Amino acid sequence: MCDDPLLPETVSRALADYRALRDRHGVLWGEESLSYVVQARATLFLEQHHDYWGTGMRQLAERLPGASQDEIDDRMGEVDPDLLVRDALGGELIAALPALRLRPGGVALEARARVILGDAPVRTWLLLDSSRDEPATVVVDGEPYELPPRGARIVGVCREVVADGGPVDLAPLTRRAPAAAVRLRAGFPCRWSVTSAGGQGWYPQGRPPKADGHGTPYFHGDDLVVAVPAEPIRVTVTRGMEYTTAEAELTPAAGAETVVELTPERLYDAAAHGWYGGDMHVHLNWMGEEPAAPELAALAQHGEDLHVLNLVAGNVASARVYDREALEHWVGRDLPWSDERHLARIGVEYRNDLVGHVGAFGLRGLPERFHTGFSGDVDWPPNAVACEELHRLGAVLGYGHPFHLPVSDTDPPEKAVARGRNCSAREIVADAALGLIDTLDVLNHSSITATATVYRRLIGAGNRLTVTAGTDAVLSFCHRGTSSGPPGWERVYARVDGPLTAESFAEAILMGRTFATTGPWLGLSVNGHAPGDTLDLAPGERVEVTVTSVGPEVGNLEIRTADGVLAQGPPGRLTAVLEAGEPTYVVAVATGGPHPRSFHTGGAYAHTSPVYLNVAGTHVARQEDVLWCLDWLDRLEAVLRESGVFAAQDQYDDHVALYDRARQVYRARLG
């Protein structure tokens, strides 16, 4: 019987099952080939600058001559991920993927030699890349792999490769170096990176070889011993977004242990002022290279000084709900590594790829439903039914990774609603009007600017929604951009009254006392009132708005109202005077370009929840935004008609009835 408080028996068995799935099926764990499942396989080897989508679409266009763009979009799950990787790389050789080139005249192994210590075996991925017009066979570790003409295959190699009837010399794959060791000390848990020439990462024994959104190797902890080559290495240390980075370069002596003491400095201390940062959307297990035990989440949360961690159980493409066993064991309770400054809970990501994914924080019990619309299942009932159940179970609810296409302030709603099963948060416009949803992850791994645009439309139309953040980090991924990055690389900060508990944090979110950020601290004051507050003003009354920022990545500050940008200026401090006319809201936005502290492809970003300004007893319900939401619901009906899966007309009618209820709310606001 397992008595480890971090690994109860049911969770231990589930972890063993996940490892068996990984060993049998590879990194996709046997999940069905939805577009984002196939993408997960390919993006283990591609960086942000590689064109995954364009390469895949060209691949399908060649295979499906005459297919429309919509049909190609719908069939992205049919791409060959290994061939896509080969074509997206375009001949580029990356350290993580040596290539065996099968050319008409022979075979050539191309590699950036990986340093290995002592007698460590060769273990690496290998791209089999054929430019021949006829099929070819390559035998890797005794297993034959058939390549079609001009085909490609990515395989794991440990011992030997045979091509064209003879062995391939694997010497270029590795370079052996004398071993040394470093002991890393900061005085508290941190995020460390240890690299040698070419950016090769080194890790404590037993730790997964993880890389962040910049491709930088990392691990968490303190007073750790790492085996390294007796060659020049770089050690860096940080601790989430409230700290700077410290680094040291050294050449450790062979056969000896060198102590490296580094301590990152604080940029700001949010908790000292009652603000606690959380990541509302993190998966422990959801496919990947190495199934993750709860201990890995504990190390990451403390190493990032992430105040609140919301792990979520959820499915991928089938009925299997990963980490359901952990949810059943710990639902309604703090996870064992929680303390007075660090709170961890496990909740749910309720998933439907057509109308959106809803995250639940603070669950007190188990829901009956976890998903709809997968493996031939129907897209019914609407998400609203799940939201009602999750609310009854005490959860705070928010839509995650909401929108993926660029959307500007002047774009019509169909630009965001789009088409197809792309996980967009389409139902939020109805759920927000009916009070069924509490938050929106304006900070996410997809399009922040599009989500912020939709968010401001929603609050401008009279909906009360709180800004939150969810990275969708997956601890079982090791090298997949921001998915394998540390939890909390984006955070929602909430101003909590009293001690940090699940209840006090949930209350702060529900009250709207938040801002979300990729790193910068962002403050907003309207006549001394903070986000979540409401001011009752007389027509013509003036208020002073002040925005402050802390963080080297900020390039620009904005003060926004329902009518657009009121003021903008450089980082640090921005003020403006607003005269009350129509009811409105005030939010602050901070932006900046690419920066080492920001893992999002769009650069640095922060956005507050609103301070609401009522005028003459009425609250904001801007006609333009209300009509925009009504147009959204019309388009959403059409999307469901085009792409929804229903067993009977009344299932589709249930969605339409939900939208009609929301239409009544919006039309009443026009009155």
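Owing to the predicted nature of the structure, the values given are computational and were not obtained by experimental measurement.

Asker: Lay out the packing of aromatic side chains with the relevant residues and their values.
Answerer: This model, assessed by the stated rule, comprises 20 aromatic pairs. With centroids separated by 5.5 Å and ring planes inclined at 55 degrees, the aromatic side chains of Trp275 and Phe515 adopt a geometry described as tilted. Within this pair, whereas Trp275 is found in strand S19 (residues 275-283), its partner Phe515 is found in strand S29 (residues 514-517), the two being separated by 240 residues in sequence. With a relative accessible area of 1%, Phe515 lands in the buried category. Among the aromatic residues, those joined into a ring-pair cluster are Tyr268, Trp275, Tyr493, Phe515 and Trp521. Taking NZ or CZ as reference, Arg464 lies 3.6 Å from the ring centre of Tyr612, over its face. A cation over an aromatic ring shows up here: Arg480 above the ring of Phe477, its NZ or CZ 5.3 Å from the ring centre.

Asker: Please give an account of the side chain of Ser130 that cites residues and values.
Answerer: When you line up the elements, Ser130 lands in strand S4 (residues 124-130). A distance of 3.2 Å separates the side chain of Ser130 from the backbone nitrogen of Arg132, its partner in a polar contact. Not counting residues up to four positions away in its chain, the partners in contact with Ser130 are Arg86, Leu102, Leu147, Arg150 and Gly151.

Asker: Provide a residue-level description of the sheet that holds strand S9 (residues 166-167), including the pertinent values.
Answerer: Reading across from one edge, S6-S5-S8-S9 is the order of the four strands in this open sheet, with antiparallel pairing throughout. The open sheet has two edge strands, strand S6 (143-147) and S9, and neither has a second partner. Of the strand pairs in this sheet, strand S8 (residues 161-163) and S9 are connected by two bridges, and their pairing is antiparallel. By the bridge assignment, Val162 is partnered in S9 with Pro167.

Asker: Outline the pattern of salt bridges, supporting the account with residue identities and numerical values.
Answerer: As enumerated under the stated definition, the model contains 50 salt bridges in all. The closest approach of N and O atoms between Arg622 and Asp625, which form a salt bridge, is 2.9 Å. Taking the relative accessible area as the measure of exposure, Arg622 reaches 22% and is therefore partly exposed. Since its relative accessible area comes to 2%, Asp625 is described here as buried.

Asker: So what about the sheet that holds strand S15 (residues 224-229)? Which residues, and what values?
Answerer: The strands that make up a sheet are held in pairs by hydrogen bonds between backbone atoms, and each pair lies either parallel or antiparallel. If you walk across this open sheet you meet the three strands as S15-S11-S18, and the pairing is mixed. What marks the edges here is a single partner per strand, and that holds for S15 and strand S18 (257-261). Strand-to-strand twist in this sheet, taken as the mean axis angle between neighbours without regard to direction, amounts to 30 degrees. When strand S11 (residues 179-185) meets S15, the two strands line up antiparallel, connected through six bridges. Looking at S15, one finds that Ala181 is bridged to Ala227.

Asker: Could you give an account of unusual backbone geometry, with specific residues and numbers?
Answerer: Residue Pro381 is reached from Trp380 by a cis peptide bond, and omega for that bond is 0 degrees. The backbone of Asp164 sits at a positive phi, close to 55 degrees, despite the residue not being glycine. Here the phi dihedral of Asp472 falls at roughly 60 degrees; this positive angle occurs in a residue that is not glycine. Mapped onto the fold, Asp472 is located in the loop between strand S26 (466-469) and strand S27 (473-474).

Asker: Please set out the side chain of Ser424 residue by residue, giving values where relevant.
Answerer: The residue Ser424 is located in the loop between helix H9 (414-417) and helix H10 (428-433) in this model. For Ser424, a relative accessible area of 2% puts it in the buried group. Non-local contacts of Ser424, meaning those with residues more than four positions away in its chain, are made with Asp353, Leu354, Val355, Gly356, Pro402, Phe403 and His404.

Asker: Residue-level account of the packing of helix H13 (residues 623-643) against helix H14 (residues 649-670), with values.
Answerer: H14 packs onto H13 with a crossing angle of 170 degrees between their chain directions and a minimal axis gap of 10 Å. In terms of axis orientation, H13 runs roughly antiparallel to H14. Residues Gln623, Val626, Leu627, Cys629, Leu630, Leu633, Asp634, Leu636, Glu637, Leu640 and Arg641 of H13 touch H14, and the partners they reach there are Tyr652, His655, Val656, Tyr659, Ala662, Arg663, Tyr666, Arg667, Arg669 and Leu670.

Asker: For the packing of helix H11 (residues 448-460) against H13, give the residues involved together with the corresponding values.
Answerer: The N-to-C vectors of H11 and H13 enclose an angle of 115 degrees; their axes lie 8 Å apart at closest approach. Taken together, the axis directions place H11 and H13 in an arrangement best described as roughly perpendicular. As H11 runs across H13, the sense of the crossing is left-handed. Within the contact between the two elements, H11 uses Val454, Arg456, Arg457, Leu458 and Gly460 and H13 uses Glu624, Asp625, Trp628, Cys629 and Trp632. Classifying every residue of the contact of H11 with H13 gives five nonpolar, one polar and four charged.

Cut-off values and rules
- Along each chain, the written sequence defines residue order, and numbers are assigned to residues from 1.
- In keeping with the model being predicted, local features are shown solely for residues with a pLDDT of at least 70 and side-chain atom pairs are shown and tallied solely at 80 or more, while totals for entire chains, interfaces and linings include all residues.
- Excluded from the side-chain calculation are hydrogens and water; included are all heavy atoms of the structure.
- Only Phe, Tyr and Trp rings take part, Trp by its six-membered ring, and two of them pair if their centres are within 6.5 Å. Stacked means planes under 30 degrees apart, edge-to-face means over 60, and tilted covers everything else.
- Runs of E in the DSSP output that reach at least two residues are strands. Runs of H or I that reach at least four are helices, and both are numbered from the N terminus.
- The buried label goes to any residue with under 20% of its type's maximum accessible area, the exposed label to any with over 50%, and the partly exposed label to all in between, with areas taken from a 1.4 Å probe on protein chains only.
- Working rule: Lys NZ or Arg CZ, within 6 Å of ring centre, within 35 degrees of ring normal, means a charge sits over the ring.
- Nitrogen and oxygen atoms within 3.5 Å of one another constitute a polar contact, given that in protein one can donate a hydrogen and the other can accept it, and given that sequence-neighbouring residues count only through two side-chain atoms.
- Should any heavy atoms of two residues lie within 4.5 Å, those residues are considered in contact.
- For two strands to be treated as a pair, DSSP must find at least two bridges joining them.
- The salt bridge definition used is simple: a Lys or Arg side-chain nitrogen within 4 Å of an Asp or Glu carboxyl oxygen.
- Axis geometry follows a simple rule: fit a line to the C-alpha atoms, using only the stretch in contact for helices, then measure angles between N-to-C directions, giving values from 0 to 180 degrees.
- Any angle that falls under 35 degrees is termed roughly parallel, while one over 145 is termed roughly antiparallel, one within 65 to 115 roughly perpendicular, and all others oblique.
- Throughout, a crossing is termed right-handed when the near helix is turned clockwise from the far one, and left-handed when it is turned anticlockwise from it by less than a right angle.
- Each residue receives one of three labels: charged for Asp, Glu, Lys and Arg, nonpolar for Ala, Val, Leu, Ile, Met, Phe, Trp, Tyr, Cys and Pro, and polar for the others, Gly being one of them.

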